[in-house]
Amino acid sequence: MPVREKRITIHGHFYQPPRENPWLEAVETQDSAFPYHDWNARITAECYEPNATARILDPKERILGIVNNYAAISFNFGATLLSWLEAAAPDTYAAILEADRVSVERYSGHGSAIAQAYNHIILPLANERDKHTQVRWGVRDFEHRFGRKPEAMWLPETAVDLASLEALAAEGLRYTILEPHQAARWRRIGDVEWSHGPLDPTMPYVCRLPSGKSIAIFFYDGPISRAVAFEQLLARGEHLAHRLLGALSDGRTHAQVVNIATDGETYGHHHRFGEMALAYALQVIESRPDVRITNYGEFLARHAPAHEVEIVENTAWSCAHGVERWRSDCGCNAGAGHGWNQQWRTPLRDALDWLRDEVNAIFAREGARVLRDPWAAREDYIDVILDREEPSVTRFLGRHAVAGAPVTTILELLEMQRNAMLMYTSCGWFFSDISGIETVQVLHYAGRVIQLAERVADVELEGPFVERLAHARSNLHDKGTARQIYEREVIPARLDLGRVAAHYAVLSLFDSFDEEARVYCYDVVRRDLVVRRAGRARLAVGVIDVRSRITHETATFELAALHLGETELTGGVRMSREHSDYGQVSDALVAAMEPGGIPTVIRLLDEHFHETPLSIRSLFRDEQRRILHKLIETTLQEAESAFRQLHERYDPLMRFHTRLGVPVPQVLRTAAEFDLNLQMRRLLEAEPPQILDIEALLREARAENVTLDATTTMAFEAAIERASAAFRERPDDADRLEALETLVTIVRDADLPVDLRRAQNRYYRMRASVRPAIDASGNGARWLELFDTLGEKLTIAAV
């Protein structure tokens, strides 16, 4: 009997819901992700970056190798997540793209990356147009990033019906991946009888579609996948390897591919160090002469399906009730509280369906006036989303716009459609309560849809929409209904160009802007700006042009902002008009900015700039926090001084308590922790860091049994990152090397929980590229000694 191929494929579905404020196109601070800015940043640090630089350890837990897991596994990344990574984590983004290029070479021309339906809509619940647009946008986004056509597409939540498979086949996609229970029946091609029993997930199947097209389907191994995701199989890499190898069988007469699929976040975020277990398992498997790692594309090219399958429509991998998790109270949830229900799901979907149908009618009607074929333009709009620079927009308009049609109207209509799809992102229904951040996010998209629709069609949609939301009730009494959540969280977040101008006006009191500035997704051009002081008071008066980079809407505003100290701020912005009195008012305001003139300034502001009043609330969230911190700096300094005096006065008493093992009174402990952490952060932020003082402060913290908080350990991480980057810039500079080695030694000797990944990554690369050159020069004895010592401190195994 000929030897049949034995192959293993591990698929990771890497995805986060889009988190951007739809008016700013940026992710704002999410406190629940602390100490990170937001959940994207946190999960990148815990999963996406570690999988690009996964560690292989020796028995002493020293780093033997650093590998890019993405190059060996099969994977998909959500398009909206990749967009965020490209801007916010470019090194990780580049590693993902590079991994696909490597996999093309490794796997006979078949890259390991596959596409995903654009923003994770549950496709069986989407209308026909949205199905096709989601697939087409996912394909275009993939081509834009990976530079090749995708062979396959991940269906969000593996939710499937025949129409969704038709949409994949229409785009030339060759296969998808499903859960075994999504197979209804199967048979060998050419046989008459169907089997309804469990199918063999180690081979591909073909699904014949009503259109006459077909698509291959791989069914992942359910038990092993569940063990990876939920049963601690990632506790040790060898356990994962042995489980995968054990699923191969000499008794099978066909080439076999044992394949598993889980959320990619399993490797590092859900299971700490899961990326290391994955890397080690891959190494174990690859060491076997009779087994080979592959990806689905390579296996399918070598082994065409010998069996056909029919699917169970309207099913998904994360709902035992079909696709009910995204439209009804089916019982599936994410750890709901006692007595909770998800009855809110149905009225939420009903409200969004109503809104979608209303705006689709508006798009068809209004779009026909400005676009040659509105729906064809929507299909191609992904090209603008991927590149919003003027040449890209001009090319798009050249293909689709009616001659002379207003550009802003066209872009607003298409943005209305984009946000109408974003509001169906699956995470809005996945979790346990309508007040969760994922569901509130889809309500924000709905708010943006309503605003754009009312602007282009002069219709009133918000009233009927919130009436429908009133039927969706939170399990948390204080949250109320979805209507109340919408009114409390979405309406205040909604903004227009006037709000952007107000933000700029307040910020101009504290920051300096160039003549042309970017404020999130808006361009601001300063025509005039005068800043004057009178004692503690500060006045800014100016004229600016504000332009949306998304819709190209443009307006000119006159602004006047007065800061009287701390949080006392007043003023306003107003639209600039043809016969404006700005010149006279501006001169009068500036002239009044002198001792005793503040009441006159306030009177003039109330008289002329009442259109959009200003306050600290005019700032967008991140800048609001930054400016508030700046404004209370004096108060903080007073508090810091009080804590320091308390700490210094009772320091001997605290040490005495510690030596005797007697608990330190809480008020003294609080003062010491505040003072020592604050001092340490300031020492670490200095350039260069004050090493002797840092060491002395660490000794003091140990003597008083004071714990350094997460913000301080991140300050250590930042200081090491700066030193590592400086060394990379001048790798032959022994002094820079010594500065880095000293900081790492301090962290190691103090056993601080500081993340040294970036420094380790750079060291590992430099050991291969720089150390041999220094060694060959014959003049680097000190450098080599320091470099090798640094490697020991970074727990890099010696070569």
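Since we're looking at a predicted model, the values are computed, not measured.

Trainee: A description of the sheet that holds strand β19 (residues 612–613) should follow, citing residues and the corresponding values.
Mentor: With antiparallel pairing, the six strands of this open sheet are ordered in space as β14-β15-β16-β17-β18-β19. Both outer strands of the open sheet, β14 (516–519) and β19, are each paired with one neighbouring strand and no more. Relative to β19, strand β18 (residues 568–575) is paired through two bridges, and the arrangement is antiparallel. Note on β19: the bridge partner recorded for Val573 is Thr612.

Trainee: Go over helix α26 (residues 710–729), please, and point to the residues and values.
Mentor: Compared with an ideal rise of 1.5 Å per residue, which puts 20 residues at 28 Å, α26 spans 29 Å between its outermost C-alpha atoms and is within 8% of the ideal. Turning to α26, its buried residues number three or more, namely Thr712, Thr713, Ala715, Phe716, Ala719, Ile720, Glu721, Ala723, Ser724, Ala725 and Phe727. Buried-residue contacts for α26 involve α24 (666–685), α25 (691–703), α27 (734–749), α28 (757–769) and α30 (781–793). Between a side-chain oxygen at the N-terminus of α26 and the backbone nitrogen of Thr711 the separation is 3.2 Å; the capping residue is Asp709.

Trainee: I'd like a description of the packing of aromatic side chains, backed by residues and values.
Mentor: Applying the stated criterion to the full structure yields 26 aromatic pairs. Aromatic pair Tyr175 and Tyr296: ring centres 5.8 Å apart, planes at 50 degrees, arrangement tilted. Of this pair, Tyr175 sits in strand β7 (residues 175–178) while Tyr296 sits in helix α9 (residues 296–302); the two residues are 121 residues apart in sequence, bridging distant segments of the chain. Side by side, Tyr175 and Tyr296 carry an identical accessibility label, which is buried. Note on Tyr205 and Phe219: the rings are 5.7 Å apart at their centroids and 75 degrees apart in plane angle, and the pair reads as edge-to-face. Here the residue Tyr205 occupies a position in strand β9 (residues 205–208), and Phe219 occupies one in strand β10 (residues 214–219), the gap between them amounting to 14 residues. Overall, Phe219 belongs to the buried group, its relative accessible area being 0%. One Lys or Arg, Arg129, reaches over the ring of Trp375 and ends 4.0 Å from the middle of that ring. Against the face of Phe609 rests Arg574, its NZ or CZ located 4.7 Å from the ring centre.

Trainee: Please set out the pairing of β14 residue by residue, giving values where relevant.
Mentor: Two faces make up the sheet, and in a regular strand the side chains alternate between them. Where burial is concerned, the two faces of β14 differ: the one with Ala517 and Val519 is buried and the one with Glu516 and Arg518 is not. Two strands pair when backbone bridges link them, and β14 and strand β15 (residues 522–534) are joined in this way by four bridges, in the antiparallel orientation. Residue pairing in the sheet places Ala517 in a bridge with Val524 of β15. The turn linking β14 back onto β15 is made up of two residues, and Tyr520 within it adopts a positive phi angle of 55 degrees.

Trainee: Tell me what's going on with empty space enclosed by the protein, and back it up with residues and numbers.
Mentor: Throughout the structure, instances matching the rule amount to seven cavities of 30 Å³ or more. Quantified by volume, the largest cavity comes out at close to 120 Å³. Trp23, Arg448, Tyr522, Ser548 and Thr551 are, among the 18 residues lining the largest cavity, the residues nearest its centre. Looking at the lining of the largest cavity, its residues break down into seven nonpolar, four polar and seven charged. By volume, the second largest cavity is sized at about 60 Å³. Taken together, Phe77, Gly78, Ala79, Leu82, Ile114, Ala115, Gln116, Gly138, Asp141, Phe142 and Phe146 make up the lining of the second largest cavity. Sorting the residues of the lining of the second largest cavity by element identifies α2 (79–88), β5 (113–116) and α4 (128–146) as the ones contributing at least two each. It is α4 that contributes the most residues to the lining of the second largest cavity, four residues altogether. A per-class count over the lining of the second largest cavity returns seven nonpolar, three polar and one charged.

Trainee: Please provide a residue-by-residue account of the layout of surface pockets, values included.
Mentor: Estimated volume of the largest pocket: approximately 1,600 Å³. Around the largest pocket, the lining is made up of 41 residues, and of these Arg272, Phe273, Glu275, Met276 and Arg757 lie nearest the centre. Those elements giving two or more residues to the lining of the largest pocket turn out to be α1 (39–52), β2 (54–57), α7 (237–246), α8 (274–286), α26, α27 and α28. When grouped by side-chain class, the residues that make up the lining of the largest pocket number 21 nonpolar, seven polar and 13 charged.

Trainee: Pulling in residues and values, what's your account of the pattern of salt bridges?
Mentor: A complete count under the given rule lists 66 salt bridges for this structure. A salt bridge links Arg136 to Glu171, with the nearest nitrogen and oxygen atoms 2.9 Å apart. A residue pair is termed long-range when its members are at least 10 positions apart, and Arg136 in helix α4 and Glu171 in the loop between α5 (162–170) and β7 qualify at 35 residues. The partner of Arg187 in a salt bridge is Glu308, and the shortest N-O contact between them spans 2.8 Å.

About the criteria used
Residues numbered from 1 in each chain as written. Predicted model: local features only at pLDDT ≥ 70, side-chain atom pairs only at ≥ 80, totals over all residues. Heavy atoms only, no water. Pairing = 2+ DSSP bridges. Helix = DSSP H or I, 4+ residues; strand = E, 2+ residues; numbered from the N terminus. Expected span 1.5 Å × (residues − 1). Buried < 20%, exposed > 50% of the residue type's maximum accessible area, 1.4 Å probe, protein only. Contact = heavy atoms within 4.5 Å. Polar contact = N/O pair within 3.5 Å; in protein donor to acceptor, adjacent residues only side chain to side chain. Phe/Tyr/Trp six-rings, centres within 6.5 Å; stacked < 30°, edge-to-face > 60°. Lys NZ or Arg CZ within 6 Å of the ring centre and 35° of its normal. 1 Å grid on protein atoms, 1.4 Å probe; cavity = no way out; pocket = protein on both sides within 12 Å on 5 of 7 lines; lining within 4 Å. Points joined across faces, edges and corners; volume = space filled by probe spheres on them. Nonpolar A, V, L, I, M, F, W, Y, C, P; charged D, E, K, R; others polar. Salt bridge = Lys/Arg side-chain N within 4 Å of Asp/Glu carboxyl O.

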